[in-house]
Protein chains: 2
Amino acid sequence: MSTASNANFEPLVVLHFSNATPAATKEWVINRLTASQNDNDGADLLVRYDPDPESHNNILLIGATLHRLLVGAEELRMKKPYKNKALREFLISDINHFDNSQNHDSFLLKSEKQRIIWEEIQILRPAKDENFVPGVPTKAITHENDTVLNLLDSLDFLVSAFPLHDKEDIKLIERDWFMSKDALFKSQDIHKVRNYFGENVAYYFAFLEFYTKALIPTALLGLVVSFWPSSDFFKYSLFCIFNVIWWSVFIERWKRLSIKLAYEWGTMDLQIFERPRSLYHGDLQLSPITNQKERRYPKWKRTLKKYLVTYPIVMLCLALSLWIYFAYYAVQQKTDKRYPLEATAILPTAKLMRMVPSTGYSLLIIPMNLIYKKLAIFMTNYENHRLQTSYENNLTSKLFVFYFINCFIGLFYEAFFNANYGNVAQLLTVFVIINAILLKFTEQIGPYIFKRVKKNQLTRRGSVDVKVSDAVKQAKTLTPFEGTYTDYLTIFEQYGYVALFSAVFPWVTICALINNIFELRADAFKYCYVYQRPFAQPAWNIGSWHYAFDILSSVAIVTNTALIAMQPSVRQYFSSYTDAEYILFFVAAEHVLLALKFAISFAIPDIPHEVQIAKAKNLYESNMALRHERERKALKAQESLRKN
Amino acid sequence: MSTASNANFEPLVVLHFSNATPAATKEWVINRLTASQNDNDGADLLVRYDPDPESHNNILLIGATLHRLLVGAEELRMKKPYKNKALREFLISDINHFDNSQNHDSFLLKSEKQRIIWEEIQILRPAKDENFVPGVPTKAITHENDTVLNLLDSLDFLVSAFPLHDKEDIKLIERDWFMSKDALFKSQDIHKVRNYFGENVAYYFAFLEFYTKALIPTALLGLVVSFWPSSDFFKYSLFCIFNVIWWSVFIERWKRLSIKLAYEWGTMDLQIFERPRSLYHGDLQLSPITNQKERRYPKWKRTLKKYLVTYPIVMLCLALSLWIYFAYYAVQQKTDKRYPLEATAILPTAKLMRMVPSTGYSLLIIPMNLIYKKLAIFMTNYENHRLQTSYENNLTSKLFVFYFINCFIGLFYEAFFNANYGNVAQLLTVFVIINAILLKFTEQIGPYIFKRVKKNQLTRRGSVDVKVSDAVKQAKTLTPFEGTYTDYLTIFEQYGYVALFSAVFPWVTICALINNIFELRADAFKYCYVYQRPFAQPAWNIGSWHYAFDILSSVAIVTNTALIAMQPSVRQYFSSYTDAEYILFFVAAEHVLLALKFAISFAIPDIPHEVQIAKAKNLYESNMALRHERERKALKAQESLRKN
């Protein structure tokens, strides 16, 4: 076995095998990982078992030589700062012109090294003469398709694969991010976050901060409006118009910021050759892309699955969610009859009892969302998408539809069919509070306690003096990273409350603002201490979440004008209008606001001025370089002619 | 003077000087154009005077050696088909791997050669030791900024600069395009159009054809619906729903087609370093892009000009256009009183007299549009935009606003305020017919006759036997090309009539279809025989016109539902509804249709599958090539180690 010497070896990535994995299989994996690239098509990495006895030889530490990493960086077309400070695709032959390249240890970020290793592991195939998985004689290898990772996955031998957290690096970012007291009101250093977690996670935090900052003016205006002695119509419409403009500008400015970040991170014109997902299955066919045999799953089958299975199930879930709402509604009405509003003045318990059904309902929404999330993942897996991007788009749209209905249906019904604004206010309060408290608990505090308990178990079982190794600790106590979409969903739900109903209930924005200031830091803590480190994943925006938020903004214009129009006080303000005139007035107002939103999105250019300048500059310089090169060659040719 | 020998010289581009140009200045221009690139920073082109005495030495013919053209193609990063059939940036050192490269004459298209020469002329500067324009001692040269072309422009010495039409090439495309009888119902070979005119013009013709084809189903359905014995509500709403879906799909499918064309033409990821427009003026400042002194015009000045001058003028024009409409309206009402509807049965002249005002009004709209177009160009020039793209965007949006109001205000007023559908129908008829006849005349037949007359004058003045040279003919008889936006405006106006009012007047689509079948061929004729040849201009879509058509589609949903709702027969159909319920029903229907349009645009992927596959394939192949290259190098290194 070719384990590396201790001195040079920096463990970067962990493969965690299950107890059932035969030793021969593990040896085989190590052999494939360490085999040289040229002779045996291996990955040319450094591997060793974790020395901690607690690992039971199930934890593999993977590293690589600097040269191997540089080769990988070149293949992945990673961009690094060039001598003129612009980013440029890394080339080994040109390494001396890249910034910081004499500093061998820190030229590549740790997250970049881990990504390089992970990409290499993902495409690693069995050697050409191997016909079955060593240690498992029943598992045959199909050479056209199987990778080492696929085989391990299908045999259930792999518990997890993750890059190692780095305590020192975390210490460097956590102080300004969430650990110190004044971090609460500081902007994040998003570049540090990106360097540690990669672009994908950094975009989430950048978005959360940008959104939270955008809440400040609305929250303040909401506060002013709530206490301003004026007619309801004036108050509401002022707040509504402000919100339409503000959130349209918000979405556009976010687009600009995300392009600016993509430019600074070198992911703007990123072209990644997407490999099929490891779970993708199908028959072997000649691929039009690689011209090799690849698994192909016919499109019509997926379409059939969508129309015959997933869409009906989604509909069923929506129906169920509606049914639960109406069940709640029946109970609420019974309770309201039992404890009439007049009684609340006499009996304080009556007021509380009236709150019970809505609290119960909001508590029910959370597990429903969770169950649906699992179901959505299951269904999207079942649809068998080839690429990760289309997988995520399909998952997001399923989640979007369900969350939209499940979270907002009660509010819509109360607001637009019952016109019972007391109930709307009550539901909104409960939702926002429950969300703030319960989600914090289930997402962060719970797993953190779980982690502490596990850690205690670990140290109790092992000797007290010997410290358990980092890899073992992270493999056994941290939650595997599942992607950022849960976190986006949380913001999405909250943005829904803020955007859809805020014209009439301005205080929701204040709750959201306070919640988010803590949320950001709690999430940061979660990513550092509760989750296993995610592999850095290049990204150039927040993906389909952008559309989700944009759609919500448009729907918000409709709901808010309708809400305002339905207020009795506003109807009274326009008492000289007939019903038809009144409706037409508000329909016209709504259309004007929709046109305004569109005009704003059109008027604000997507690409910020500084990025345009920088791109033009790059292009100009490379054109000039080409021209000079050519002129130099021509001069040389002339000179050599003269000499002869 | 270094004129080329007759044998090798292929004249490609023409510079047409005014009679006032001093001979010394012309000599200077020729010197700059022919000076070598390395020694004197010249353009290294081939130049000669047109030998025709009719040219009075005012017409300069410009060509270039093949090597000079190849160098230019490399500098412009032109893409040519590589041996594996994919497009690749042209490199002289790699020329043998490009398709058709042994065929020196036809490797570069004529339009490409002309573009290369034109780009070179545009950046040509005076020699460093020249301090004033030869022949004009009063005109000093500012070396940081002045190009030869700028100087000639500012002295009014240049009548026109254009590439030469090629009779043989035109013969090859005209037969299938517009000359034969069956060409009327044939698809264009858009690639031939692109090869001759460049991407910019090709996109216009591709769009016109795509739009005309899209009219067929709506026209047919419109015909069916017009004669179908059914309730108005059913007929109208069927046609309206169909149109919403159809035109949404149309816009999305056009997006896909234009991306496909951009991919096939190699303009998809095109990055052009845009030079400032030659008319751009400002103070000399250090440019952040080129790091050299360049003219810069402060942004606040442009913003001020926009808010203080252009926007008020646009408003004034809109007001004038409204005023003219209401003047027409007053006259129409007087006429209607004088010739009441009942009289038309008795007096046939009464019916005609009733048509007079609306015909007059529609005739008035055309010169108003023309005057406004000139004004819009003048104002956009006055705003002093740096880049051609932002210049065109600003011009388009000005034209869009004015045309929208000027063409549709009368229809809107009649339809929504007067609910006078007789008038709407009358106006629509007159607009569509006048447009079809008059525009054909002013745009095509008029200039063509003008050209014939001029040609006759030319041959009459010269000797009868000696043929006038091509360059002289084209310089003196053809109209300079002014850009495609006039043609887009014509389609835009027509699409407005079709989209905004078709639910109630389905026959408009049939007129539009018939008109367009001829329009396309007439336009093709115009580009080949009436206009001077345009320089090929790379393009990857139809630019801001896409937005203009998209906005019109959205507005169309609003107008069509409103039109349907306002039909008395439809109101009767819903006679059991109260006014408020009736309005809410149609508002809801409108929102559903808007949501449907959005869903369609979301559901249809922008990039066609085959382009996705082709891009992935390219990426995969270049990744593989990189990898093999590296492996080969590693093997070599190993071998050389073994040898030592």
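Here goes a summary of the coordinates provided.

Scoring rules and cut-offs
- Residues numbered from 1 in each chain as written.
- Chains lettered and ligands numbered in written order.
- Predicted model: local features only at pLDDT ≥ 70, side-chain atom pairs only at ≥ 80, totals over all residues.
- Heavy atoms only, no water.
- Axes fitted to C-alpha atoms, helices over the stretch in contact; angles between N-to-C directions.
- Helix = DSSP H or I, 4+ residues; strand = E, 2+ residues; numbered from the N terminus.
- Parallel < 35°, antiparallel > 145°, perpendicular 65-115°, else oblique.
- Contact = heavy atoms within 4.5 Å.
- Phe/Tyr/Trp six-rings, centres within 6.5 Å; stacked < 30°, edge-to-face > 60°.
- Buried < 20%, exposed > 50% of the residue type's maximum accessible area, 1.4 Å probe, protein only.
- Lys NZ or Arg CZ within 6 Å of the ring centre and 35° of its normal.
- Pairing = 2+ DSSP bridges.
- Salt bridge = Lys/Arg side-chain N within 4 Å of Asp/Glu carboxyl O.

Right, let's talk about the packing of helix α9 (residues 232–264) of chain A against helix α17 (residues 545–566) of chain A for a bit. Residue and element names in this part refer to chain A. Two elements in contact, α9 and α17, have axes separated by 11 Å at closest approach and are oriented at 170°. By the angle between their directions, the pair α9 and α17 is classed as roughly antiparallel. On the side of α9, the interface is formed by F233, Y236, S237, C240, V244, I251, W254 and K255, while α17 contributes H546, F549, D550, S553, I557, N560 and I564.

Further remarks concern the packing of aromatic side chains. Under the definition given, this model contains 136 aromatic pairs over all chains. Plain terms: the ring middles of A:Y577 and A:F585 are 6.1 Å apart, the flat faces sit at 80° to each other, and that makes the pair edge-to-face. Classification of A:Y577 as partly exposed rests on a relative accessible area of 30%. Since its relative accessible area comes to 32%, A:F585 is described here as partly exposed. Look at B:F207 and B:Y488: their rings are 6.4 Å apart centre to centre, the planes differ by 50°, and that puts the pair in the tilted class. Of this pair, B:F207 sits in helix α8 (residues 199–227) while B:Y488 sits in helix α15 (residues 485–501), and the two are 281 residues apart along the sequence. Owing to a relative accessible area of 1%, B:F207 belongs among the buried residues under this scheme. Residue class for B:Y488 comes out buried when judged on its relative accessible area of 3%. One cation-aromatic arrangement involves B:K305 over B:Y382; the distance from NZ or CZ to the ring centre is 4.3 Å.

This part covers the sheet that holds strand β8 (residues 158–163) of chain A. Residues and elements named next belong to chain A. Reading across from one edge, β2-β3-β1-β8 is the order of the four strands in this open sheet, with antiparallel pairing throughout. Each edge of the open sheet carries a strand with a single partner, namely β2 (46–49) and β8. Strand-to-strand twist of the sheet, defined as the mean angle between neighbouring strand axes without regard to direction, takes the value 20°. Relative to strand β3 (residues 59–63), strand β1 (residues 13–17) is paired through four bridges, and the arrangement is antiparallel. Residue pairing for β3: V14 is matched across the bridge by L61.

Scanning the model with the defined rule gives 38 salt bridges over all chains in all. As a salt-bridge pair, B:D550 and B:K597 come within 2.9 Å of each other at their nearest N and O atoms. In this pair, B:D550 sits in helix α17 (residues 545–566) while B:K597 sits in helix α19 (residues 579–603), placing the two residues 47 residues apart along the sequence. Here the salt bridges share partners, and the residues they tie into one network are A:E10, A:K110, A:K113 and A:D166.

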